[in-house]
Amino acid sequence: MENANVRPETMARITTKELADQFIEEQVAAVREQVGDGKVLLALSGGVDSSVVAALLIKAIGRRLVCVHVNHGFLRKGEPEQVIEVFRNQMNANLIYVDASDRFIDKVAGVNDPEQKRHIIGEEFIKVFDEEAAKLEGIHFLGQGTIYPDILESEKGIKAHHNVGGLPAEMEMELVEPVKLLYKDEVRVVGKALGLPENMVERQPFPGPGLAVRCPGAITRNRLEALRESDAILREEFANAGLQGKVWQYFTIVPDFKSTGIKDGKRSFEYFAVIRAVNTTDAIEATIEELPYDLLRKITDRITHEVPGINRVLYDLTPKPTGTIEWE
Ligand code: XMP
């Protein structure tokens, strides 16, 4: 029998709108067949994979897809708003939005250790998602944005793939994974064909614990806000410089360390923001993007003048190895 987790050799690489439309048509039929008149639950993070699965399932079963978007407080500026706008307002999705940011920030208060931070956020995410699922009745299917590299990696034992932060075992739901045989570039082509916005489909990778891993040391609301604002400025300036989609990953980090400076003629004692911009194909090794000096100067000027609590900007020149891409 054919293994449903192995991509058939005859399957064409989806590179065009026509091929994507054909794939969408087939998957819509397959999902309808699998689900019947049942409902599907989906954790919608706003990342490429879960967004494409959401759009596909909406096409197949409309409001019988129940999307849950959990805002853990570590999302980038404008992200939850975009998820609500695109899915609830434009696609008429059945979307439950949970703003759990206070709960997460309280949970990690005072926690310095990066691994402990990640663990707390992962566990809390499952709890919040479970609580929401428990309020719903009669849902027997769970949608997941599993893609082919996830399957290959979990088979090789590199990492367990989980897109819900770990499927709660007691949920015992049947999985619906319509893009599990696709590579990332194909998922993007399908997403575009489904009408998702360019900036959602071309989004750079973003870790599950989000900005929490870019706020080294014990997270405080002020420093997290400074990080979110500096990251938004960096992304805006990259877009203005035509670098969006050209550099693999770029973001800021705001460590828990203050230095002396001068603002408005007075002594300031504030945090610094670090610029990180890397290129890679597989995230196992990464090189540094050589950013134009003018761009660095512009970003530095804007962050130090527009973001409260930041008086310095640094540029991380460390490739992977010896650094990792993220700081935590
Ligand atoms: P590192 O820091 O290990 O990151 O060089 C490699 C790539 O993985 C991303 N990353 C994550 N992605 N959940 C994710 O989905 C995570 O917990 C996580 N941690 C790191 C990182 O952004 C980079 O692209």
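One can find the structure itself at the top, above this paragraph.
The rules behind each value
Residues numbered from 1 in each chain as written. Predicted model: local features only at pLDDT ≥ 70, side-chain atom pairs only at ≥ 80, totals over all residues. Heavy atoms only, no water. Phe/Tyr/Trp six-rings, centres within 6.5 Å; stacked < 30°, edge-to-face > 60°. Helix = DSSP H or I, 4+ residues; strand = E, 2+ residues; numbered from the N terminus. Lys NZ or Arg CZ within 6 Å of the ring centre and 35° of its normal. Expected span 1.5 Å × (residues − 1). Buried < 20%, exposed > 50% of the residue type's maximum accessible area, 1.4 Å probe, protein only. Contact = heavy atoms within 4.5 Å. Core = buried A, V, L, I, M, F, W, Y, C linked by side-chain atoms within 4.5 Å. Domains from an automatic or database assignment. Salt bridge = Lys/Arg side-chain N within 4 Å of Asp/Glu carboxyl O. Near = heavy atom within 4 Å. Polar contact = N/O pair within 3.5 Å; in protein donor to acceptor, adjacent residues only side chain to side chain. Areas by Shrake-Rupley, 256 points an atom, 1.4 Å probe, with all protein chains shown as cover. Nonpolar A, V, L, I, M, F, W, Y, C, P; charged D, E, K, R; others polar.

Student: What is the right way to look at the packing of aromatic side chains in this model?
Tutor: Remark: the centre distance and the inter-plane angle together describe each pair of aromatic rings, the angle taken between the planes. Counted by the stated rule, this structure contains three aromatic pairs. Where F238 meets Y250, the ring centres are 4.2 Å apart and the plane angle is 10 degrees; that geometry is what we call stacked. A residue pair is termed long-range when its members are at least 10 positions apart, and F238 in helix α9 (residues 221-240) and Y250 in strand β6 (residues 249-253) qualify at twelve residues. Lying across the ring of Y271, R223 places its NZ or CZ 5.7 Å from the centre. Taking the ring centre of Y271 as reference, the NZ or CZ of K258 above it sits at 5.1 Å.

Student: Before we go on, may I ask you to explain α9 in this structure?
Tutor: The α-helix advances 3.6 residues per turn, and as a result positions three or four apart in sequence lie on the same side. With 20 residues, α9 extends 29 Å between its outermost C-alpha atoms, agreeing within 8% with the 28 Å of an ideal straight helix rising 1.5 Å per residue. Every buried residue belonging to α9 is among R223, L224, A226, L227, R228, S230, D231, A232, I233, L234, E237 and F238, and all of these are buried. The elements touched by buried residues of α9 are α4 (101-108), β6, β8 (266-279), α10 (293-306) and β10 (310-315).

Student: Explanation requested: the nonpolar core in the structure shown.
Tutor: The nonpolar side chains of a soluble globular protein tend to be buried with one another. If you look at the biggest cluster of nonpolar residues, it comprises 49 residues, and the most contacted ones within it are L41, F74, F104, F238, L291, I303 and I310. Those elements giving two or more residues to this core turn out to be β1 (40-43), β2 (65-71), α4, α5 (114-135), α9, β8, α10 and β10. Counting only domains with at least three residues in this core, you end up with domain 1 (17-201) and domain 2 (215-315). In this structure, I24, L56, L65 and L182 belong to the second largest nonpolar core, which totals 41 residues.

Student: Just checking my understanding: could you explain the pattern of salt bridges for this structure?
Tutor: Proximity of charged atoms lets side chains of opposite charge pair with each other. Here the structure, examined in full by the defined rule, presents 26 salt bridges. In this structure, E225 engages R228 in a salt bridge whose closest nitrogen and oxygen atoms are separated by 3.0 Å. Remark: R228 and E225 occur in helix α9; sequence separation between them is three residues, near one turn of the helix. The buried category is assigned to R228, whose relative accessible area is 14%. When salt bridges that share partners are traced, they join R103, K107, E124, K127 and E131 into one network.

Student: Mind showing me how you'd approach the site of the ligand here?
Tutor: Around the ligand, the neighbouring residues are R118, P205, P207, G208, P209, W248, Q249, A283, K320, T324, I325 and E326. Within the backbone of G208, an N or O atom sits 3.2 Å from a nitrogen atom of the ligand. In this structure, Q249 approaches the ligand through a side-chain N or O atom, which is 2.8 Å from an oxygen atom. The fraction of the free accessible surface of the ligand (500 Å²) that becomes covered by protein chains is 67%. Tallied by class, the residues present in the shell around the ligand amount to six nonpolar, three polar and three charged.

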